[in-house]
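# Coordinate analysis (summary)
These are the residues of each chain, in order.
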Amino acid sequence: MTRRKIRIVHTSDTHLGDDWDPAAAQKALSAVVGGVHALNADALLIAGDVFDNARISDDVLNFFIGEMARAVVPVVILPGNHDLYDSATLYRRSPFDAAPANLHIINGTHGQRLSLPHLTLDIWGRAMDSHTPSFRPLAGIPTERNGRWLVAMAHGHFHFPDDTEERSSPIHPYEIAAAACDYMALGHWERFEDVSQDGVTAYYSGSPMGAAGSRNEVAVNVVDLDPVGETRVNVSQAHMPMQSDTARSLPLAADD
Ligand SMILES: [Mn+2]
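Residues numbered from 1 in each chain as written. Predicted model: local features only at pLDDT ≥ 70, side-chain atom pairs only at ≥ 80, totals over all residues. Heavy atoms only, no water.

## Some words on the pairing of strand E5 (residues 112–116)
Burial along E5 is one-sided: Gln112, Leu114 and Leu116 are buried, and none of Arg113 and Ser115, which face the opposite way, are. In terms of strand pairing, E5 meets strand E6 (residues 121–125) through five bridges, oriented antiparallel. Bridge pairing in E6 places Leu116 opposite Leu121. Between E5 and E6, which pair antiparallel one after the other, the connecting turn spans four residues, and Thr120 there sits at a positive phi close to 50°. (Buried < 20%, exposed > 50% of the residue type's maximum accessible area, 1.4 Å probe, protein only. Helix = DSSP H or I, 4+ residues; strand = E, 2+ residues; numbered from the N terminus. Pairing = 2+ DSSP bridges.)

Here's what the structure looks like:
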């Protein structure tokens, strides 16, 4: 099989429905979807904590589903610790009955592989059902390639080599190094971070606003996979403006 040259936008930790500033989280997600179009991306990955908690209203779910339809390209979601795929998961609530065909939710709690044949792309992830030290986000990740691009998604805490504390949902350097993936899309940390190991490219995207470090824009990871390029995997950060109600409502300057 000939792999296609593709571009993926990776984000995480959008925390829709948070109590602190729900409007900002929604505007940030809309800016990410705008970025998917502006960057001509082939797919969007959201690596966990898409939603802040399981008590969020149907309005938030309906907003999200509308935005995913607006994305048009395939969107793959991996549940994280704020939006667990457990017996009470929000991903089985009725608004998802109306989800568009381009929205894919990884719900396999022992690992699941999705195929997007037109992109020559497989995506593997393990949906989190409990945020504990025994939940291993990378347990069961493929160790062999099948000719397609393989992108892994994982939501958890990267253990630096000198990290001695036991954390929930740990991701160890040796697990990344052993993975047969072209890119690992990580979530759980609010900030952008390169945690690549032994030639396996692995990044946290950070949350859209957290990675941008600004209230007026968002940042996402742009992952270019090119079968003939000198570097098969290239990762960069793209910044997009966030539509701000405050900015829109500012009065014109007196001398305008
Ligand atoms: Mn998290």
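Still more to cover.
## Points about the sheet that holds E5
An order of E5-E6-E7-E10-E12-E11 is seen for the six strands of this open sheet, with the pairing classed as mixed. Where the open sheet ends on each side, the last strands, each with one partner, are E5 and strand E11 (193–194). Looking at chain direction, E6 and strand E7 (residues 149–155) are connected through five bridges and run parallel. Following the sheet pairing, Asp122 is matched in E7 by Leu150.

## Comments concerning the packing of aromatic side chains
For the structure on display, the rule yields eleven aromatic pairs. With a centroid separation of 4.9 Å and an interplanar angle of 75°, the aromatic rings of Phe51 and Phe64 are classed as edge-to-face. With Phe51 in the loop between strand E2 (43–46) and helix H2 (58–71) and Phe64 in helix H2, the pair connects residues that are 13 residues apart, well separated along the chain. There is no split in this pair, since Phe51 and Phe64 are both buried. On the numbers, 6.3 Å between centres and 25° between planes, the contact of Tyr183 with Tyr203 is stacked. With a gap of 20 residues between them, Tyr183 in strand E10 (residues 183–187) and Tyr203 in strand E12 (residues 202–204) connect regions that are remote in the sequence. Owing to a relative accessible area of 0%, Tyr183 belongs among the buried residues under this scheme. Ring pairing ties together the aromatic residues Phe51, Phe64, Tyr85, Tyr91 and Phe96, which thus form one cluster. Over the ring of Trp149 we find Arg3, and its NZ or CZ is 4.2 Å from the ring centre. For Arg191, the ring lying beneath its charged end belongs to Trp189, and the centroid distance is 4.5 Å. (Phe/Tyr/Trp six-rings, centres within 6.5 Å; stacked < 30°, edge-to-face > 60°. Lys NZ or Arg CZ within 6 Å of the ring centre and 35° of its normal.)

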